[in-house]
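# Survey of secondary and tertiary structure
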Amino acid sequence: QVQLVESGGGLVQPGGSLRLSCAASGGTFSGYAMGWFRQAPGAEREFVAAINWSGGVTDYAAFVKGRFTISRDNAKNTVALQMNSLKPEETAVYYCNRHRSSMYYSGSYFPGPDWGQGTQVTVSS
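Let me begin by describing the structure that accompanies this report. Residues take numbers from 1 onward in each chain, read along the sequence in its written order. In keeping with the model being predicted, local features are shown solely for residues with a pLDDT of at least 70 and side-chain atom pairs are shown and tallied solely at 80 or more, while totals for entire chains, interfaces and linings include all residues. Side-chain numbers come from the whole structure's heavy atoms, not from hydrogens or water.

## Side note on the nonpolar core
Under the convention used in this document: For the purposes of this section, nonpolar cores are sets of buried Ala, Val, Leu, Ile, Met, Phe, Trp, Tyr and Cys residues that join through side-chain atoms within 4.5 Å. Here the term buried applies to any residue with accessible area under 20% of the maximum for its type, exposed to any over 50%, and partly exposed to those in between, with areas from a 1.4 Å probe on protein chains only. Put simply, DSSP marks the helices as runs of H or I at least four residues long and the strands as runs of E at least two long, and each gets a number from the N terminus on. Any two residues whose heavy atoms approach within 4.5 Å are treated as being in contact.
In this structure, Trp36, Val79, Leu81, Met83 and Tyr94 are the most contacted members of the largest nonpolar core, which totals 27 residues. Taken together, the elements giving at least two residues each to this core come down to strand 3 (18-25), strand 4 (34-39), strand 5 (46-51), strand 7 (68-73), strand 8 (78-83), strand 9 (92-99) and strand 11 (119-123). The biggest single contributor to this core is strand 3, with four residues. Excluding residues within four positions of it along the chain, Tyr94 makes contact with Glu6, Leu20, Trp36, Phe37, Arg38, Val48, Phe68, Leu81, Met83, Gly118, Thr119 and Val121.

## Describing the side chain of Arg38
Applied cut-off: The definition of a polar contact used here is a pair of N or O atoms within 3.5 Å, where within protein one atom must be able to donate a hydrogen and the other to accept one, and adjacent residues in sequence count solely through side-chain atom pairs.
Structurally, the position occupied by Arg38 is in strand 4. By relative accessible area, which is 6% here, Arg38 ends up buried. Looking at Arg38, its side chain comes within polar contact range of the side chain of Glu46, at 2.7 Å. A polar side-chain atom of Arg38 sits 3.2 Å from a polar atom in the side chain of Glu90. Discounting residues that sit within four places of it in the chain, Arg38 has contacts with Glu44, Arg45, Glu46, Val48, Phe63, Val64, Phe68, Glu90, Ala92, Val93 and Tyr94.

## Here's the deal with the packing of aromatic side chains
What describes a pair of aromatic rings is the distance from one ring centre to the other and the angle between the planes of the rings. For clarity, the threshold we go by: Here a pair means two rings of Phe, Tyr or Trp (six-membered ring of Trp) with centres within 6.5 Å. Their orientation is stacked below 30 degrees between planes, edge-to-face above 60, and tilted elsewhere. Criterion for a charge above a ring: Arg CZ or Lys NZ at most 6 Å from the ring centre, at most 35 degrees from the ring normal.
Under the criterion given, the structure shown has six aromatic pairs. An angle of 55° between the planes, with centres 5.7 Å apart, marks the rings of Phe37 and Tyr109 as tilted. With Phe37 in strand 4 and Tyr109 in the loop between strand 9 and strand 10 (111-115), the pair connects residues that are 72 residues apart, well separated along the chain. For the pair shown, Phe37 and Tyr109 are each scored as buried. For the ring pair Tyr104 and Tyr109, a centre distance of 6.0 Å and an interplane angle of 65° mean the geometry is edge-to-face. Note on accessibility: Tyr104 and Tyr109 belong to one class, buried. Grouped by ring-pair contacts, the aromatic residues Phe37, Phe47, Tyr95, Tyr104, Tyr109 and Trp115 constitute a single cluster. The cationic tip of Arg45 hangs over the ring face of Tyr95; the distance from NZ or CZ to the ring centre is 3.9 Å.

## Description of the sheet that holds strand 8
Strand pairs in the sheet, formed through backbone hydrogen bonds, run parallel or antiparallel to each other. To keep it simple, the criterion reads: Note: two strands are recorded as paired if DSSP finds a minimum of 2 bridges between them. Interaxial angle, 0 to 180 degrees, is taken between N-to-C directions of lines fitted to C-alpha atoms, where a helix line uses only the stretch in contact.
The sheet built from four strands is open, its strands ordered 1-3-8-7 with antiparallel pairing. In this open sheet, the two strands that pair with only one neighbour each are strand 1 (3-7) and strand 7. Within this sheet the neighbouring strands show an average axis-to-axis angle of 15°, counted without direction. In terms of strand pairing, strand 3 meets strand 8 through six bridges, oriented antiparallel.

## Considering unusual backbone geometry
Residues other than glycine seldom take positive phi values, yet Asn77 does so here, at roughly 55°. Along the chain, the position of Asn77 falls in the loop between strand 7 and strand 8. For Ser85, which is not glycine, the phi dihedral falls at a positive 50°. In this structure, Ser85 sits in the loop between strand 8 and strand 9.

Structural data, given as structure tokens:
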């Protein structure tokens, strides 16, 4: 089990940027891939981005490719999501997650059971 705490959300204008952060504790971090997901009101939670244990492999949903960047710091047990050129339809609660197992194959992220409380991102003028 791992505890995850997301932060960095807020209100931003369309076209603006935000940097989200997720701090992990209580479990193994460095050996696992990590992912970011989001959930808009009335919608299902959807995959946004993932990064492998070393940071050498990253995967993105098609709708954020080129605008979002995922990164991690294994020394600090943190994973970040830099979001640029934000759109109003990206208003959602953003969550980080640890991959289900220590084996991660690019393009096949399976969320583990632990979720943080999420951080609200609102894109509006």
